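The chain contents come next:
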Amino acid sequence: MQTNLKITFIGGGNMAAALIGGLAGKLTDGANIHVVDINADALARLAQQFGVATSQQIDGAVAASDVIVLAVKPQQMREVAAQLLPHLKAQLVLSIAAGIRGVDLSRWLGGHGAIVRTMPNTPALIGMGITGMAALPGVSAEQRTAADAIMRAVGGTVWLEDESLIDPVTAVSGSGPAYVFYFIEAMQQAAQELGLTPEQGTELAIATFTGAAQLAARSSEPVSVLRERVTSKGGTTYAALTSMEAAGVKDSIVKALHAASARGRELGEEFGKD
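**Some points on the sheet that holds strand β7 (residues 129-135)**
Spatially, β3-β2-β1-β4-β5-β6-β7-β8 is the arrangement adopted by the 8 strands of the open sheet, whose pairing is mixed. Looking along the sheet, the strands with just one partner apiece sit at the ends: β3 (53-55) and β8 (155-159). When the angles between neighbouring strand axes are averaged without regard to direction, this sheet yields 20°. Bridging between strand β1 (residues 7-10) and strand β2 (residues 33-36) involves 4 bridges; their strand directions are parallel. Looking at β2, one finds that isoleucine 7 is bridged to isoleucine 33. The strands touched by helix α1 (residues 14-23) are β1 and β2; relative to β1, the strand with the most contacts, the crossing angle is about 165°.

**Some remarks on the packing of aromatic side chains**
Where two aromatic rings form a pair, the distance of their centres and the angle of their planes describe that pair. Per the stated rule, a full pass over the model turns up 1 aromatic pair. Taken together, a centroid distance of 5.7 Å and an interplanar angle of 70° make the contact between phenylalanine 183 and phenylalanine 209 edge-to-face. Within this pair, whereas phenylalanine 183 is found in helix α7 (residues 176-193), its partner phenylalanine 209 is found in helix α8 (residues 198-218), the two being separated by 26 residues in sequence. Taking relative accessible area as the criterion, phenylalanine 183 reaches 34% and is therefore assigned partly exposed. A cation over a ring is seen here: arginine 144 above tryptophan 159, with NZ or CZ 4.0 Å from the ring centre.

**Concerning the nonpolar core**
Core analysis: the biggest nonpolar cluster contains 32 residues, and Phe9 and Ile150 have the highest contact counts within it. At 6 residues, the largest contribution of residues to this core is made by α1. Setting aside chain neighbours within four positions, we find isoleucine 150 in contact with Leu5, Ile7, Leu19, Leu23, Leu27, Val67 and Leu94. By size, the runner-up hydrophobic cluster in this structure holds 20 residues, among which are Ile68, Met77, Leu88 and Ile100.

**A closer look at the pattern of salt bridges**
Taken as a whole, this structure holds 8 salt bridges when the rule is applied. When the shortest N-O distance is used, the salt bridge between arginine 152 and aspartate 148 registers 2.9 Å. Here aspartate 148 and arginine 152 lie together in helix α5 (residues 141-152), a separation of 4 residues that amounts to about one turn. We classify arginine 152 as partly exposed; its relative accessible area is 47%. Taking the relative accessible area as the measure of exposure, aspartate 148 reaches 18% and is therefore buried.

Thresholds, definitions, all that
- Residues numbered from 1 in each chain as written.
- Predicted model: local features only at pLDDT ≥ 70, side-chain atom pairs only at ≥ 80, totals over all residues.
- Heavy atoms only, no water.
- Pairing = 2+ DSSP bridges.
- Helix = DSSP H or I, 4+ residues; strand = E, 2+ residues; numbered from the N terminus.
- Axes fitted to C-alpha atoms, helices over the stretch in contact; angles between N-to-C directions.
- Contact = heavy atoms within 4.5 Å.
- Phe/Tyr/Trp six-rings, centres within 6.5 Å; stacked < 30°, edge-to-face > 60°.
- Buried < 20%, exposed > 50% of the residue type's maximum accessible area, 1.4 Å probe, protein only.
- Lys NZ or Arg CZ within 6 Å of the ring centre and 35° of its normal.
- Core = buried A, V, L, I, M, F, W, Y, C linked by side-chain atoms within 4.5 Å.
- Salt bridge = Lys/Arg side-chain N within 4 Å of Asp/Glu carboxyl O.

Rendered as C-alpha cells:
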C-alpha cells in the first residue's frame, strides 16, 4: 500500500531505523520521511540508506507532516514535547516510548488529543516485531488506520481498548525478547557443561526456539498440548520439566512479568510528575 503519507521521526535510533526501513519505498517514499536527531552520523546513514530528509533540530518542517513518531528515550520526552509544541497542528502523534502515559504526553503538548501510544519490541529490527497499541479518544478512524499501517511495517499489531494494558504488553512482549535470550543463554551453558562445543550449543538452542515458536504459531492447538506431546511419562523431557516445576520456574516467570508490568506503571507515574 503506497501512500503519500508524510512522516516525521523525532529520534533516529535503532527502533526508528527499523520502522523507516519498513516504510521507505513501501508505505511512503523515503522523500516523505523526515528524521530529527542530534546525532549527525545517524542522520547521514539514514539519508544514504533510505533517501530521507534530516535535520538536527525540530523546526518548521515538522508542521508539514501527517504523522509525528516520537522515538526518543522516555526521560527526554517532556523536553522534546516542549520543542514540538510550537509546530504542532492536527498531526497524529505516535509514541513508542515506554512509561509515558498518553494523558501526560497530551498535557505536555498543550492538550493535543490525536495520540497513539505504542509498545513495539526489538524483533521489529528484522521485520518480526509485535506492537501493542492504544489510541486516545482524539484519534480519528483515518489516523488509527495510519498508525496501524506504520507499525505493521515491522510486524504485527494488537490494539488495546484500555491504555493501562500497555504495561502488561510491555511486560509480555516489550521486554519478552530478553526472557527468550536469557533462556537461550541457559541452554547454551548447559550444552557446554554436557560436552557440546559453544557453537553446537548455540546452534541447537536457537534452532530449537525458532522451530518451537513457528510450530506454536502455525498450530491450532494450545501450547500446553504441544508441550504434552513432547513429554513422555518418565522420559527425558519429563525429567527436565519436573526439575523446573520443583524449582518453581514457571511461578518465577509469572512473578517476573508482574514485576515488569508494575515497573511500567511506576515509570508512568515518575515521568508524569510535574
